[in-house]
Amino acid sequence: MLRRQSGPPPPAPMSDPLAFLFDLDGTLVDSVYQHVLAWREALEEGGIPLSVWRIHRRIGMSGGLFVNALLRETGRDLTPEEIARVHRRHAEAYARYLPQVRPLPGARELLRYLTEARVPWAVATSGLLESAGPALELLGVPRDVPVVTRDQVAHAKPDPDLFRAAAERLGVPIAHSVVIGDSVWDLLAARRAPALGVGLLSGGYGRDELERAGAYRVYQDPADLLRHLDEVGVRGSR
């Protein structure tokens, strides 16, 4: 009896180079709401009480833009030292939430499939390596896979620097890359790169929001993307 193969069929060789550039939080790991709660703690300690939904709307931006945007909304003004303290408090609070963080459904399987298919991929995150490290370990990201973090580029999302740097490290033109992200900031950065943007609902943004930001396709989570890889350029053998 033939066994049915799970996931997409083995890929056929591709004539053009193709790379997948992944956001991390909310795209590969279920960590968005842990970050939201950590930011709420940090902001409240800084005298800026905010509802979690307001914080969530800014998750995915670089930390600097994130804080500045929230300060603009509240009409508050902080000194550079106070802003630095908020960032430190966020890192400390998020470390306490780390035991709750899990890989999203299908994330490990998707990355494994791309590796076996010899489709190059990289991770590009607005977080610092300090906070990204545990998530990368959860996913089992090999050491030879490029990981670009906020401290390695001049500007983070919605600027395209992170994704451009990731494509450069893979040796693939950014125009031949597919950016996978869960926030509007990921997709705005993809459009500016320019690269093809694909959205995931696993970070809490709605389908309409992701499509308006430029998503070519929107899937539920990495497992759903794995089932539809042919729609984004990874062709099967049939």
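Structural data are supplied above this passage.
Conventions adopted
- Residues numbered from 1 in each chain as written.
- Predicted model: local features only at pLDDT ≥ 70, side-chain atom pairs only at ≥ 80, totals over all residues.
- Heavy atoms only, no water.
- Salt bridge = Lys/Arg side-chain N within 4 Å of Asp/Glu carboxyl O.
- Helix = DSSP H or I, 4+ residues; strand = E, 2+ residues; numbered from the N terminus.
- Buried < 20%, exposed > 50% of the residue type's maximum accessible area, 1.4 Å probe, protein only.
- Contact = heavy atoms within 4.5 Å.
- Pairing = 2+ DSSP bridges.
- Right-handed = clockwise from strand over helix to strand, strands pointing away.
- Axes fitted to C-alpha atoms, helices over the stretch in contact; angles between N-to-C directions.
- Parallel < 35°, antiparallel > 145°, perpendicular 65-115°, else oblique.
- Left-handed = near helix turned anticlockwise from the far one by under 90°.
- Nonpolar A, V, L, I, M, F, W, Y, C, P; charged D, E, K, R; others polar.

Q: Explain the pattern of salt bridges here, please?
A: Proximity of charged atoms lets side chains of opposite charge pair with each other. Counted according to the given criterion, the structure contains 9 salt bridges. A salt bridge links E41 to R96; the nearest nitrogen and oxygen atoms lie 2.3 Å apart. Of the two residues, E41 is situated in helix α1 (residues 32-45) and R96 in helix α4 (residues 80-97); the sequence distance between them amounts to 55 residues. Given a relative accessible area of 53%, R96 falls into the exposed group. For D159, the salt bridge is made with R192, and the minimal N-O distance between the two is 3.3 Å. Of this pair, D159 sits in the loop between β5 (147-148) and α7 (161-170) while R192 sits in helix α8 (residues 184-192), and the two are 33 residues apart along the sequence.

Q: Would you mind showing me how to read α7 here?
A: In an α-helix, one turn spans 3.6 residues; hence positions three or four apart end up facing the same way. Those residues of α7 that fall on the buried side of the exposure criterion are L162, F163, A165, A166 and A167. Tucked into the core, α7 has its buried residues touching β1 (19-22), β4 (121-124), β5, β6 (177-181) and α8.

Q: What should I look at first to understand the environment of I55 in this one?
A: Among the secondary structure elements, I55 is positioned in helix α2 (residues 52-56). C-alpha separation for the pair I55 and A124, spaced 69 residues apart in sequence, amounts to 21 Å.

Q: What is the right way to read the pairing of strand β7 (residues 196-200) from this model?
A: Within a regular strand, side chains alternate between the sheet's two faces. Counting buried positions along β7 yields 4 of 5 residues, so the element is predominantly enclosed. Direction of pairing for β6 relative to β7: parallel, over a ladder of 4 bridges. Paired with V179 across the bridge in β7 is G197. This β-α-β element, β6 to α8 to β7, shows right-handed connectivity. In this structure, β7 lies alongside strand β8 (residues 215-219), joined through 4 bridges in parallel fashion. For G197, the partnering residue across the bridge sits in β8 and is A215.

Q: Honestly, the packing of α1 against α4 in this entry has me stumped. Any pointers?
A: A pair of packed helices is captured by two measures, namely the crossing angle of their axes and the spacing between those axes. Running from amino to carboxyl end, α1 crosses α4 at an angle of 140 degrees, the nearest separation of the two axes being 8 Å. Taken together, the axes of α1 and α4 are oblique relative to one another. Like other packed secondary-structure pairs, α1 and α4 cross with a definite hand, here right-handed. Across the interface between the two elements, Q34, H35, L37, A38, W39, E41, A42, L43 and E45 of α1 pack against V86, H87, R89, H90, A93, Y94, R96 and Y97 of α4. Here the residues of the contact of α1 with α4 are counted per class, giving 9 nonpolar, 4 polar and 4 charged.

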